[in-house]
Amino acid sequence: MKLCVIIPLCALFTLTQQMSSQDRCVCELTNSEKAFPHDKLSAVDDNASKCNGNITPQKTLELESLLLGLEHRLPQLQDDVSMLEREDDGKLYGVISLQVIENELTKIKQLIDKLNITTQEHQHLTTDTTKQLQDLRAELQELEEYDTLQVMKRQQANVRLKRDLDQCKNNHHPTTQPTQPPHGICPHGKFLNITGPRVYTAGEYPGSYMYGAWGRDPKPEAGKENWYWLVMMTSSNRYSNYVRFYSSLSSLIVGVSVPGNVQIHSSNPTTNTIQGPNVVLYGEALYYNCYNQDAVCRFNLTTKTVSTLQLPKGTRYNSKGNFCHLDECYPFTDLDLATDESGVWVIYTTTEDFGNLVLSKVEEGVPPTLGQTWHTSVYKQAVTNTFMACGVLYATRYVNKEVEEIFYSFDTSTGVEKFNIGIFINKNNPNIYALNYSPVDQMLHAYCNSYMVSYKIVFR
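What this report covers is the structure whose coordinates are included nearby. Given the structure is predicted, the values throughout are model-derived calculations rather than measurements.

### Let's talk about the sheet that holds strand 6 (residues 260-263)
- Read across the open sheet, the four strands follow the order 2-3-5-6; overall the sheet is antiparallel. The sheet terminates laterally at strand 2 (212-215) and strand 6, the two strands that pair on one side only. Across the sheet, the mean angle separating the axes of adjacent strands is 20° when strand polarity is ignored.
- Judged from the four bridges that link them, strand 2 and strand 3 (residues 228-232) form a sheet pairing that is antiparallel. Bridge pairing in strand 3 links Ala213 to Val231.

Here it is, written out as structure tokens:
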């Protein structure tokens, strides 16, 4: 039997000083508990991080892109063979057609080979990940033995209880979220952070068009819910005359455009074509800065007609009120169009506001009309981009080549401005020339030096 004695350190020190070296007192402390294995917990954390890093959305998109490419090429091969059977003259035409078919077969074989390799890699990844998850589960169960106060068990019980209470509450009081909430009332909760990039692709024209915009229609026609649109500044990095459509995100990444382009006008630029990259699509209509005008154009994709919305007198346009940072201003970004849960907005500046941001609601109609307007105290040329989410205006600024900061917000429901948002966006390219928020999936679509990038907004 061991005797445990608790002596204050000061008393022990005093006692030691008074005793001779021959009569020194030694106290032995025995801890009956096991030492917590911090190294093992750190290893579990590292393994979990590696497991998360191995499974990415890009891996799924890679397989889907290969299947889409194969799906696109097989009908083309069938058409080429059918044409050869119908029109073979036994001479030069037949030789050329066979060469085309041979090239097509080679490309299909390359796709199939890559598809097989990718499928095998995914199968190995699935097997390895399953084993890693089983090992992690076993290691965590071992670590739970050190939870002598049963903190984790109580937390798990609380989570289960909260889940059961939520289910009970929802069953007895069903609620339906509004599709268009009032300004400032966000069905997703509070804007907390941004993660990503989730998508990073050069698309169909790698490196060709530095300025542009892309995204989704928050109010699409039936059957077009998964479509994506793309507008590139194809003339002098500042003008465009068409919008290009893709039937899915995968088709946009691999560059298979269906149905293709919808043209506003055959000339570029000309009256009522697109000026500047800050473009949005809403309700089967494209909204943009009209060429050489201080006005918003609305291009109806169904009727192929353009209607205009004149902005207030003194609105700066033709690259006189751009987004900027210390090293560069983005040309012809005077007007920024934005969408959120409630519709379309336009952000601009006027001489009367001394260059500060002005925000107006664009009301749907033919022609569209200008709704309520708000005046802010943030200087437009100190901002690199803006976007709307749940009736709140957010503004970004350039930090360095790798980071952009969402530093400012203006809540249209309260009129409250904040200059300390402090949410950072990780960039793969120096400049973000356009930002579009998609209320469909709470993604933020950026166009950066010819690349299309998307980020996920985290709400609570």
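### A word on the packing of aromatic side chains
- Enumeration according to the criterion identifies 15 aromatic pairs in this entry.
- Residues Tyr330 and Tyr433 carry aromatic rings whose centres are separated by 4.9 Å and whose planes lie at 85° to one another, so their mutual orientation is edge-to-face. Of this pair, Tyr330 sits in the loop between strand 13 (328-329) and strand 14 (336-340) while Tyr433 sits in the loop between strand 22 (423-426) and strand 23 (434-438), placing them 103 residues apart in sequence.
- Residue classification places Tyr433 among the buried positions, given a relative accessible area of 3%.
- With a centroid separation of 5.7 Å and an interplanar angle of 45°, the aromatic rings of Trp345 and Trp374 are classed as tilted. Here the residue Trp345 occupies a position in strand 15 (residues 343-348), and Trp374 occupies one in strand 17 (residues 369-379), the gap between them amounting to 29 residues. Here Trp345 and Trp374 have matching classes, each one buried.

### Remarks on the state of the cysteines
- Applying the stated rule across the entire model yields three disulfides.
- Paired by a disulfide, Cys186 and Cys390 hold their sulfur atoms 2.1 Å apart. With Cys186 in the loop between helix 5 (151-172) and strand 1 (191-201) and Cys390 in the loop between strand 18 (385-389) and strand 19 (392-398), this residue pair connects regions lying 204 residues apart in the sequence.
- A sulfur-sulfur separation of 1.9 Å characterises the disulfide bridge that pairs Cys324 with Cys329. Residues Cys324 and Cys329 share a disulfide whose torsion about the S-S bond is about 105°; that sign makes it right-handed.

So, how was this worked out
- Residues numbered from 1 in each chain as written.
- Predicted model: local features only at pLDDT ≥ 70, side-chain atom pairs only at ≥ 80, totals over all residues.
- Heavy atoms only, no water.
- Pairing = 2+ DSSP bridges.
- Helix = DSSP H or I, 4+ residues; strand = E, 2+ residues; numbered from the N terminus.
- Axes fitted to C-alpha atoms, helices over the stretch in contact; angles between N-to-C directions.
- Phe/Tyr/Trp six-rings, centres within 6.5 Å; stacked < 30°, edge-to-face > 60°.
- Buried < 20%, exposed > 50% of the residue type's maximum accessible area, 1.4 Å probe, protein only.
- Disulfide = S-S within 2.5 Å.

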